[in-house]
Amino acid sequence: MSLFQLILVAIIQGITEFLPISSSGHLILLPSLTGLDDQGIAIDVAVHVGTLGAVVLYFWSDVKQAIAGLPHALTGRVDTPQSRLAMGLIVATIPTVIVGAILFKTGLSQSLRSMAVIGWTMLGFGLLLYWMDQKGPQTKQTNDWSLRDAAIMGLWQVLALIPGTSRSGITITGARHLGYSREDGARIAMLMSIPTILASGVLLSVNVIHEADAQLAKDGAIAAAFAFVSALLALSLMMRLLRSVSFTPYVIYRVILGTILLVIAYS
């Protein structure tokens, strides 16, 4: 893989991972629309590591609380805000891990990686985000996140296993449906991404450990670094804009891209 493609993949992953426009959809489309070779699982793992580092750094104060509450949560005690946050993240992640492992092991995930599927999910879930964002109340904050809400948002997150859906987009949709404000809904969705990205990275790593060599490690480090920087910038910008701007600009982008992809797929 050339340095140009390596950096291109990393930047696309970094920018799209946390914006509600689907990182997996963009990475799947990249080879189809540009003629470039598929980046491979090893680079996928590397860019996931980069984006994971970005979200952990940005939400470090929340991450510290979740880590502090993890020992209590693992013993079933949710008697502190920290343990409730930790348990909420565990509960929200379980459905995606189970369904994702099934799709991965059966090979069904590969059958969903088509331009038509991405076009429909870009369009459909983009419009759903718009509907929920416009109609949903803004009465809940991050501190109101209950285990029930975590379980519901975890089920919403399962839909992100379909390419083009957007993990952040669908969990934000679920949060807005439950009544969380735009900023707090996005905050919860970003925190949910941490164990999900970690689990995905571990699952993918199993298939690339035997391929590791010096060149692959170098390429991975470059990809991770560029993904980290671009993800941190995109995340910072989105969270800042949510104080005054709705999700409509992202929806418009999704509708335009989804429509173009459907025209290409069915022409």
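Residues numbered from 1 in each chain as written. Predicted model: local features only at pLDDT ≥ 70, side-chain atom pairs only at ≥ 80, totals over all residues. Heavy atoms only, no water.

Turning our attention to the overall build of the chain. What the chain contains, in helices and strands, is twelve helices and zero strands. Taking all 267 residues of the chain together, 49% fall into the buried category. Restricting the contact set of the chain to residue pairs at least 6 apart, pairs at least 24 apart contribute 80%. Averaging the locations of the 16 positively and 14 negatively charged side chains of the chain gives two centres separated by 9 Å. (Helix = DSSP H or I, 4+ residues; strand = E, 2+ residues; numbered from the N terminus. Buried < 20%, exposed > 50% of the residue type's maximum accessible area, 1.4 Å probe, protein only. Contact = heavy atoms within 4.5 Å. Lys, Arg positive; Asp, Glu negative; His and termini not counted. Charge placed at Lys NZ, Arg CZ, Asp CG, Glu CD.)

Once that is clear, we can look at the pattern of salt bridges. Opposite charge on two side chains permits pairing when their charged atoms draw close. For the structure shown, the criterion picks out six salt bridges. We note a salt bridge from Asp 133 to Arg 182, for which the minimum N-O separation is 2.7 Å. You can see Asp 133 sitting in helix 7 (residues 115–135) and its partner Arg 182 sitting in helix 10 (residues 182–205), a full 49 residues away along the chain. Each member of the pair, Asp 133 together with Arg 182, is buried. Between Asp 149 and Arg 148 there is a salt bridge; the shortest N-O distance is 3.5 Å. (Salt bridge = Lys/Arg side-chain N within 4 Å of Asp/Glu carboxyl O.)

Remark: helix 9 (residues 167–178) packs on helix 10, axes separated minimally by 8 Å, with the N-to-C direction vectors making an angle of 135 degrees. In terms of axis orientation, helix 9 runs oblique to helix 10. For the pair helix 9 and helix 10, the sense of crossing is right-handed. For the pair helix 9 and helix 10, contact is made by Arg 167, Ser 168, Thr 171, Ile 172, Ala 175 and Arg 176 and by Arg 182, Gly 185, Ala 186, Ala 189, Met 190, Met 192, Ser 193 and Thr 196, respectively. Tallied by class, residues from the contact of helix 9 with helix 10 come to six nonpolar, five polar and three charged. (Axes fitted to C-alpha atoms, helices over the stretch in contact; angles between N-to-C directions. Parallel < 35°, antiparallel > 145°, perpendicular 65-115°, else oblique. Left-handed = near helix turned anticlockwise from the far one by under 90°. Nonpolar A, V, L, I, M, F, W, Y, C, P; charged D, E, K, R; others polar.)

For Ser 22, which is not glycine, the phi torsion reads 75 degrees and is therefore positive. Inspection of the secondary structure puts Ser 22 in the loop between helix 1 (3–18) and helix 2 (23–34). One non-glycine residue, Ser 166, lies in positive phi territory at about 85 degrees. Its location among the elements puts Ser 166 in the loop between helix 8 (147–158) and helix 9. Its relative accessible area of 3% is what places Ser 166 among the buried residues.

Quick look at a nonpolar patch on the surface now. There is a patch of nonpolar side chains on the surface, built from Leu 33, Ile 252, Ile 256, Ile 260 and Ile 264 and spanning about 460 Å² of accessible area. In terms of residues, the nonpolar patch owes the most to one element, helix 12 (residues 248–266), which gives four residues. Along the chain, Leu 33 falls in helix 2. (Patch = residues over 30% accessible without salt bridge, like charges linked within 9 Å, V, L, I, M, F, W, Y side chains within 5 Å. Areas by Shrake-Rupley, 256 points an atom, 1.4 Å probe, with all protein chains shown as cover.)

This paragraph deals with helix 2. Between its first and last C-alpha, helix 2 extends 16 Å over twelve residues, near the 16 Å set by a 1.5 Å rise per residue. What helix 2 keeps buried is the set Ser 23, Gly 25, His 26, Leu 27, Ile 28, Leu 29, Leu 30 and Pro 31. Of the surrounding secondary structure, the elements contacted by the buried residues of helix 2 are helix 1, helix 3 (41–58), helix 7 and helix 12. Among the residues of helix 2, the N-terminal cap falls to Ser 22, whose side-chain oxygen and the backbone nitrogen of Gly 25 are separated by 3.0 Å. Just past helix 2, the residue Gly 35 takes up positive phi, approximately 85 degrees. (Expected span 1.5 Å × (residues − 1). Polar contact = N/O pair within 3.5 Å; in protein donor to acceptor, adjacent residues only side chain to side chain.)

Here we take up the layout of surface pockets. One number sums up the size of the largest pocket: a volume of about 1100 Å³. Around the largest pocket, the lining is made up of 37 residues, and of these Ser 24, His 48, Leu 161, Ser 200 and Leu 204 lie nearest the centre. Among the elements of the structure, helix 1, helix 2, helix 3, helix 5 (81–106), helix 6 (108–111), helix 9 and helix 10 are those that each provide at least two residues to the lining of the largest pocket. Class assignment for the residues of the lining of the largest pocket results in 15 nonpolar, 17 polar and five charged. Taken as a whole, the second largest pocket spans an internal volume of roughly 380 Å³. In terms of lining residues, the second largest pocket is bounded by 17 residues, among which Leu 70, Leu 89, Ile 194, Pro 195 and Leu 198 are the most central. Every element with two or more residues in the lining of the second largest pocket is listed here: helix 3, helix 4 (60–74), helix 5 and helix 10. Looking at the lining of the second largest pocket residue by residue, the class counts come to 15 nonpolar, one polar and one charged. (1 Å grid on protein atoms, 1.4 Å probe; cavity = no way out; pocket = protein on both sides within 12 Å on 5 of 7 lines; lining within 4 Å. Points joined across faces, edges and corners; volume = space filled by probe spheres on them.)

Its location among the elements puts Leu 242 in the loop between helix 11 (214–241) and helix 12. In this structure the C-alpha to C-alpha distance between Leu 242 and Ser 181, which are 61 residues apart in sequence, comes to 9.6 Å.

Honestly, it's all geometry; don't read function into it.
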